[in-house]
Amino acid sequence: MSDIWRHGCQFSSVLKACRKGWRTFSSAPASASGSQSSTLDKKAYSKSLLLPKTKLSLWSDPSKSEEPFRNKSCTELYRWQWENAEGPLFILHDGPPYANGHLHMAGHALNKIVKDVIIRYNVLIGNKVHYTPGWDCHGLPIENKVLGQLGKDQRQVDSKTIRDAAKAFAEQEVQRQRGEFSQLGIMADWSRDTTYRTMDHTYEMRQLQIFKSMVEAGLIYRHYRPVHYSPSSRSALAEAELSYKDDHVSHSVYVAFSLNLKAEGMRPMLRKLLHDKFEAHLLVWTTTPWTLTANMGVAVHPELKYSIINQKKTGRILIVGSERVYDLTDILGEVEEIGQVDGSELVDCVYHPLFSQVAKDISYPYTLKVLPSAHVTADSGTGLVHCAPAHGAEDYLLFRNLGLLTTDKSMLCHVDADGRFSGKVTEVLGESAAKALVGKEVLKDGGKAISEMLGDTGVLVKVQKIRHRYPYDWKTDRPIIMLRVLSHFFRRDLLATSQWFADLDSIKEDALKALDEVSFFPVISRRRLQSFVQTRSEWCISRQRVWGVPIPALYHIDTDTAVMDGASLTHILSVLDEKGTAHWWDGPVEDFVPPHLHKEGEDPAITYRKGTDTMDVWFDSGSSWSMLRDVVGDEAEKRGYYADVCVEGSDQHRGWFQSQLLTAVAATKVEGKAVRPYNHLITHGMVLDPVGKKMSKSVGNIISPMTVITGGKDKKKEPAYGADVLRLWAATVEYWNDVSLGSNVLAQCAESLRKIRNSARFILGNLEDGRALVELPRVKQEEMNLADRYVMHELCKVDKLAREAYPTYNFAKVVNVLSNFTNVTLSSLYFDITKDCLYADARDSAERRAILTVLEQVLRTMVSVMAPVVPHLAEEIHYTLSRGDDPSSGSSVFTKKWEPMPSEWEDPSAEKDMNHLLRVRTVVLNLLEKARSNKSIGSSLEADVELVLPEDAAEPLDLLRRGGDFLKTLFIVSDVSIIHEEPEDRASLSWTHEDSIELFGKLFCVHLKYLDIDLVILGHNLRVLVRPAKLEKCPRCWTFTRREKDKLCGRCSEVGEV
Ligand SMILES: [Zn+2]
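Residues numbered from 1 in each chain as written. Predicted model: local features only at pLDDT ≥ 70, side-chain atom pairs only at ≥ 80, totals over all residues. Heavy atoms only, no water.

- The name given to the chain in an unreviewed UniProt entry is isoleucine--tRNA ligase, with Heliocybe sulcata as the source organism.

Put into structure tokens, the structure is as follows:
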């Protein structure tokens, strides 16, 4: 196959052989048919050919080709650029992944690769890059993990043991992930000082300082408002930790509260309407029947109309919103309206407890009344709302505003920390009835039990199964409940306490204003973050967990008032700074009571207790922007932002993107600055399997990034692709959407990378790994032929497009333009047509030097373009070109600034001419393919081409004449002649193939009737003839260009080396 390697690569069937050709290239054109040369001569001739020589191997084994460059191109490079880069500062701020488990494809690999492409591009253009990888270390998953390892329930282990184990666990996970991240080829200094963990002392202290700033600004407060509570996590959740499901099924109930017709407070009009009735009921609808035991009121809108109706089939008198009557007949059947009153008439009516039938001997702790509330609507339900302040934010606010809650204990709440009915439900049900509920989960069998009880007591009007939007715990994917949360749920030795909140209403406007200045990629993601910020009015920042940063609140034991002010925090934080934040948990309370609270004769250790709440982990990671203050320094206000770019998955709009914004806006507002945490937000999607399913353990469709890099157990099924293939995949996909990954996609990426590698290898071979042009002068543009100028022009386009695509984060565009250039412009055209000259010309011929000049520039630009995406290959090429001895030493490709191609290489006229000629080339190649398949020729050099044009075809004739000798190079045939008439010897030829083409054609529309359109291209008709070569074969270069047998062609004899 050696002859195929040299010539005739235009045939698709032999392309594959060409690709493999290098290694198998034998130095003798032995199989050339019709050769009369002796074996000795053949060897001598082929020795005189300048065949490619390079150290870059054909196939790459990632463990050998990537590993040696890792340190140089990652840690050392990061340090080098930080010391040496002269360009402006560019900060990519790393959102900390959770320190738990092996790396995943989306959250870790895709995320870090996208970041790395961005920072490497910035290094290449000379910017000074700041990138400090971090880890999020506190929080529930790690706490649960260590509890699992300790084999115990949270309540059986002392907090210090949990915290110590959690710290050790997080540390170990950080080490593991660090090792895995570095295999992705991420440019960073992975040592301790240039990475961060949210459990680092300095980090925690910065976070506490932000908290203090917010306290001083009056943004932090404490109240008993019910919070979203996740029984499955046993913790309060922030809104950011909820995910809403639209198809949650609830068994809603319509229940009738019986009015106390004898009680005082009933307004005259209503009393008149009901004077002859024995009983009347308030009809209420709720989707959470389990909250009915905690009912403390029924709310109406004072300005809505309410109807008193008679349900025909039962004779029951019901009160419902007038606008709801029509819809409610679906539930109630036929009804008769007795009268109508304003909502205000209903206010202050007293009703009997719902469960009074089963709890006759219970004296109810409250008088149950109808209350006025503006939050009641006539849009759904009955127009009357069941109120359980412990389980609903609006109910809670209503009761608080009406002054009906004196302490948190005045709220009824019968649900425990596991989401089950607690023994407290006895208070309203009595002992015997309570037995049916206690211990049952409110969202499961507890809900069913209560419906049954409602039925038994005759207050149930209807059960209705509904599908509706319901909040779930984002992490456990289990439904949550609204709950008044007390700390003694968790630590029985503590007094009841409340939650800490950050006031977002006060900073919302500033936060939204800051977002207006931020740019988003993709653009559409702006709306997502905006709406999260817009719809949030407060942020519950306290968690009843152990593994976290403490909320350093002191409580006055007797009055249960919290000490939370700037002066006290200054003292407390100075103690924590000196002794570590763990001292909050482990140290004595008197260490923290500030001097100004010490009173004569009062022992602070008895007067105060330390709070046990930890901070929401989003507050932890959200504080990370504060690390950048030291980096940006005095420039902060001028810049207006800290990080240039943050890149995270779409779930971080509710998480880290938001918590950074809120803490930064709050804290910098206090300081009178307006510095936003970031200037540009990039969002990436999830990684799905090839059929678009989410990757999950249970489905078994997970692809681990480490397996892609180092291979699976069965290397045939899961080959070791190395980091560059994975990186190329990440850069090829539209990562800003959800993307698919499977074995086929990986194999395609490996193939694309191999093509790029092979193109580089061809160039390196001809440049003799950089030696070829050491002593030879390069060639100027005006001395180059059309193909050379055309390739340089195309290279300019690649360079320009890549320079436009990188700053807009569209890496797919870069990969696409690079692959296209490599496959089409280089492999299928330029490499094919230059081989003859490169191998057979004299080493210093002008034509050959021109090609080498082009190839050298092509390689340099290609390396710069590919380097951010596939740094290992770029380094390997750079190293081969610089002929280093040790891959780990010497300069990195990134230390050489990527300069734009000089504009003089742009050559639109070359592009125009070449496009015409490439159309002719396509016709020629098709005809040659015909000749080959008819076995008329083996190599295309056995053929000549005749181009027949009329004499008056000025434009094409001019073009073809300009082409001259270049045409046979372009077609890879032995001769091309331009004639005006039928060749004379045609009849005597053993074979010919012919076709024609319109050149310089213009599109004309000649006929449009009834849209029966005739479009005609009118141009100059060029006939293309392929025929046997007229001359004899040169034994050295195999072109059919000599007049006599057994003699070298003119060019070969001039080379003079044989
Ligand atoms: Zn020759």
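That shown, we press on.
## Focus on the sheet that holds strand β5 (residues 220–223)
Point 1. Pairing is antiparallel across the open sheet formed by 3 strands, whose spatial order is β5-β18-β20. Of all the strands in the sheet, the pair left with one neighbour each is β5 and β20 (538–540). If you compare each strand with its neighbour and ignore which way they point, the axes differ by 35° on average.
Point 2. For β5 and strand β18 (residues 499–503), the ladder comprises 4 bridges, and the chain directions are antiparallel. Within the sheet, the bridge partner assigned to Tyr 221 lies in β18 and is Phe 501. (Pairing = 2+ DSSP bridges. Helix = DSSP H or I, 4+ residues; strand = E, 2+ residues; numbered from the N terminus. Axes fitted to C-alpha atoms, helices over the stretch in contact; angles between N-to-C directions.)

## With respect to the coordination of the zinc ion
Point 1. Distances from the zinc ion to its protein donors, Cys 1034 (SG), Cys 1037 (SG), Cys 1049 (SG) and Cys 1052 (SG), fall at 2.1 to 2.4 Å.
Point 2. Classification of the site at the zinc ion rests on its 4 donor atoms, whose angles at the metal span 102 to 115°, yielding the label tetrahedral.
Point 3. Of note, the donors binding the zinc ion are all from one chain and are spaced C-x2-C-x11-C-x2-C. Remark: Cys 1049 occurs in the loop between β33 (1014–1028) and α36 (1050–1055) and Cys 1034 occurs in the loop between β33 and α36; sequence separation between them is 15 residues.
Point 4. You can call Cys 1034 buried: its relative accessible area is 0%. (Donors = N, O, S within 2.8 Å, 3.2 Å for Na, K, Ca; no water. Tetrahedral: all angles 85-135°; square planar, octahedral: opposite > 155°, others 65-115°. Buried < 20%, exposed > 50% of the residue type's maximum accessible area, 1.4 Å probe, protein only.)

## Points about the pairing of strand β6 (residues 227–230)
Residues in a regular strand point their side chains to alternate faces of the sheet.
Point 1. Pairing analysis gives 3 bridges linking β6 to strand β17 (residues 481–483), with the strands arranged antiparallel. Note that in β17 the partner of Tyr 229 across the bridge is Ile 481.
Point 2. Where β6 lies against strand β7 (residues 235–237), 3 bridges are found, and the strand directions are antiparallel. When the sheet's bridge partners are listed, Ser 230 is paired in β7 with Ser 235.

## So, a positive patch on the surface
Point 1. Together, Lys 53, Lys 55, Arg 771 and Arg 883 give the surface a local cluster of positive charge.
Point 2. Relative to the helices and strands, Lys 53 is located in the loop between α3 (39–47) and α4 (62–65).
Point 3. Of the residues examined, Lys 53 reaches a relative accessible area of 55% and is grouped as exposed. (Patch = residues over 30% accessible without salt bridge, like charges linked within 9 Å, V, L, I, M, F, W, Y side chains within 5 Å. Areas by Shrake-Rupley, 256 points an atom, 1.4 Å probe, with all protein chains shown as cover. Salt bridge = Lys/Arg side-chain N within 4 Å of Asp/Glu carboxyl O. Lys, Arg positive; Asp, Glu negative; His and termini not counted. Charge placed at Lys NZ, Arg CZ, Asp CG, Glu CD.)

## Describing helix α18 (residues 525–534)
Point 1. Buried within α18 we find Ser 525, Leu 529, Gln 530 and Val 533. Seen end-on, α18 carries its buried residues on one side only, within an arc spanning 140°.
Point 2. Considering only its buried residues, α18 is in contact with α17 (505–517), β19 (519–521), α25 (656–670) and β27 (676–684). (Arc of directions from axis to C-beta. Contact = heavy atoms within 4.5 Å.)

## Remarks on the side chain of His 872
Point 1. Secondary-structure assignment places His 872 in helix α32 (residues 871–881).
Point 2. Here the side chain of His 872 touches Arg 70 through a polar contact of 3.1 Å, side chain to side chain.
Point 3. Beyond its immediate sequence surroundings of up to four residues, His 872 is in contact with Glu 66, Phe 69, Arg 70, Leu 184, Gly 185, Ala 723 and Asp 724. (Polar contact = N/O pair within 3.5 Å; in protein donor to acceptor, adjacent residues only side chain to side chain.)

## Here's the deal with the sheet that holds strand β24 (residues 608–610)
Point 1. The sheet built from 3 strands is open, its strands ordered β23-β22-β24 with antiparallel pairing. Two strands bound the open sheet, and with one partner strand each, they are β23 (561–563) and β24. Put simply, the sheet's adjacent strands are angled 35° from each other on average, direction ignored.
Point 2. When strand β22 (residues 554–556) meets β24, the two strands line up antiparallel, connected through 3 bridges. Bridge pairing in β24 links Leu 554 to Lys 610.

## A few points about the environment of Phe 257
Point 1. Inspection of the secondary structure puts Phe 257 in strand β8 (residues 242–258).
Point 2. Overall, the relative accessible area of 1% leaves Phe 257 in the buried class.
Point 3. Once residues within four sequence positions are removed from consideration, Phe 257 is found in contact with Ala 280, His 281, Leu 282, Val 284, Leu 292, Asn 295, Val 298, Tyr 351, His 352 and Leu 354.

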